[in-house]
Amino acid sequence: MRWKTSGALTMAALATAAAAVIIVNPVSADVPACVVDYHVDQWNNGFVGQVKVTNNGAAVDGWTLTWTFAGDQRVTSSWSAGVTQSGKAVTARNQEFNRGIATGASVQFGFQATFQGTNDTPTDFALNGVRCNDTNPPTTTTTPPTTTTTTPQLPPPGCPSGAFCDGFENQTGTTPAGDWSLMFPNCQGSGTATVDSSTAHSGTRSVRINGRAGYCNHVFLATSRGMSTSGQYVRFFVRHTTALPESHVTFVAMKDTNDGGKDLRMGGQNRALQWNRESDDATLPEQSPAGVAQSVPLAVNQWACVEFGITGSELRTWLNGTEVSGLHADGTPTPDVDAQWLRRGGWRPALANFRLGWESYGNGDDTLWFDDVVMAPSRIGCS
Ligand code: CA
């Protein structure tokens, strides 16, 4: 990651980094009133902007940071600040939790935006009306930077504190990379997992699974990020083209180290959503007609919000914000729901990874897109 330092650094930073510094607009000595580091990760016609504001003036309680876009950049969402735009003029306002910036302290926020053509760094940042960066001719110039600064990546919009969130916007190729790796658990056939920049729940990218029937066509995109053995909530959006079949299929699998490394699987059977335990093939709900009736189909050709939570031995599941009663293992055997699931006592999953993809064990082709995956220690919601 490369930060564009579009203003002066502090003297401390100057002393420790052979970085490119233009010292301008001094407030006292050579320290500017505020410094804005502005970084973008961009793709074809969109970008995520990450902004770090360092206040070298008097402490502020409540702030706005303003700037002007040079091109036709348009902010579509933001996090850790409320960002509004009027024409080319942008105003970012603090949220309650980061309203104070002590002298020498920094705040960070981010936004997502679209653009056409060029995407130049703004040059007129101002904190509470005070210019932050090089509005005056430089008084000192040093060598351009040859090193990059690594700064923790801000989460995407709506990402809860402490969560791992991925909307696949930082994927640059067709093959998923970074936090995700491809797996062909049995043998590699015609099942594929690719980054798709033509379909997305948010932003411009998602992951597309071409799921094909047959043991040899199993394919997954796997990550171990965000998984915890001490309680786990997951939220993702999924869109698919083909109704869940009668046959058993899986589109989420998680390796359970408390179950011999076998998978806890979410998918479908008898045309409705179900959980399945690879180790003993137990299902939730039971696949009786009364059990299946307590689950729900997964509608086609529209984005669905799937959430589940695992706390101890309890497993709960929500579809579009509504709990699915047939997908709830609550520790008390309920006929047609979790009686079979609980027949084997002591189930308490410890999940080591999270995989999105497709496994069919007989029949079942489907094309699926996944986006906006979140793993967190508490329930996430669909917004
Ligand atoms: Ca996305």
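Computed from a predicted model, the values in this text were never measured in an experiment. (Residues numbered from 1 in each chain as written. Predicted model: local features only at pLDDT ≥ 70, side-chain atom pairs only at ≥ 80, totals over all residues. Heavy atoms only, no water.)

**A word on the sheet that holds strand S8 (residues 64–68)**
Strands in a sheet are paired, the pairing made by backbone hydrogen bonds, and the direction either parallel or antiparallel. Strand order in the open sheet made by the five strands is S10-S11-S8-S14-S15, with antiparallel pairing throughout. Strands with a single pairing partner mark the edges of an open sheet, and in this sheet they are strand S10 (82–86) and strand S15 (130–131). (Pairing = 2+ DSSP bridges. Helix = DSSP H or I, 4+ residues; strand = E, 2+ residues; numbered from the N terminus.)

**Topic: the nonpolar core**
With 44 residues, the main nonpolar core has Phe236, Phe251, Trp275, Phe308 and Phe354 as its most contacted residues. Within the second largest apolar cluster, 27 residues are counted, among which are Ala33, Phe69, Val83 and Ile101. (Core = buried A, V, L, I, M, F, W, Y, C linked by side-chain atoms within 4.5 Å. Buried < 20%, exposed > 50% of the residue type's maximum accessible area, 1.4 Å probe, protein only.)

**Quick word on the coordination of the calcium ion**
On the protein side, the calcium ion has Gly167 (O), Glu169 (OE), Ser202 (O), Arg205 (O), Asp371 (OD) and Asp371 (OD) as donor atoms, found 2.2 to 2.6 Å from it. Geometry at the calcium ion is irregular, judged from its six donor atoms and the angles of 51 to 159° they form at the metal. Assessed through its relative accessible area of 13%, Glu169 is described here as buried. (Donors = N, O, S within 2.8 Å, 3.2 Å for Na, K, Ca; no water. Tetrahedral: all angles 85-135°; square planar, octahedral: opposite > 155°, others 65-115°.)

**Observations regarding the pattern of salt bridges**
For the structure shown, the criterion picks out 12 salt bridges. Between Glu278 and Arg265 there is a salt bridge, with its nearest N and O atoms 4.0 Å apart. Of this pair, Glu278 sits in the loop between strand S25 (272–277) and strand S26 (283–284) while Arg265 sits in strand S24 (residues 263–269), and the two are 13 residues apart along the sequence. Exposure remark for Arg265: the relative accessible area of 9% places this residue in the buried category. Here Glu307 and Arg379 are joined by a salt bridge, their closest N and O atoms 3.0 Å apart. Residue Glu307 is located in strand S27 (residues 304–311), and its partner Arg379 is located in the segment after strand S31 (366–376); the two are separated by 72 residues in the primary sequence. Judged by relative accessible area, Glu307 falls into the buried class, the value being 2%. The network of salt bridges with shared partners includes Asp259, Arg277, Asp280 and Arg344. (Salt bridge = Lys/Arg side-chain N within 4 Å of Asp/Glu carboxyl O.)

**A short note on the state of the cysteines**
Put plainly, two cysteines are in a disulfide when a covalent bond ties their sulfur atoms together. Taken as a whole, this structure holds three disulfides when the rule is applied. Two residues, Cys159 and Cys165, share a disulfide whose sulfurs are 1.8 Å apart. Handedness of the Cys159-Cys165 disulfide follows from its S-S torsion of about 85°: it is right-handed. The residue that forms a disulfide with Cys305 is Cys382, at a sulfur-sulfur distance of 2.0 Å. Disulfide Cys305-Cys382: torsion about the S-S bond near -85°, hence left-handed. (Disulfide = S-S within 2.5 Å.)

**Thoughts on the pairing of strand S13 (residues 106–114)**
One face of the sheet, then the other: side chains in a regular strand alternate in exactly this way. When strand S6 (residues 46–55) meets S13, the two strands line up antiparallel, connected through nine bridges. Residue pairing across strands places Thr54 opposite Ser106, the latter belonging to S13. Where strand S9 (residues 74–79) meets S13, five bridges bridge the pair, whose relative direction is antiparallel. Each bridged residue has a counterpart across the sheet, and for Ser77 the counterpart in S13 is Gln112.

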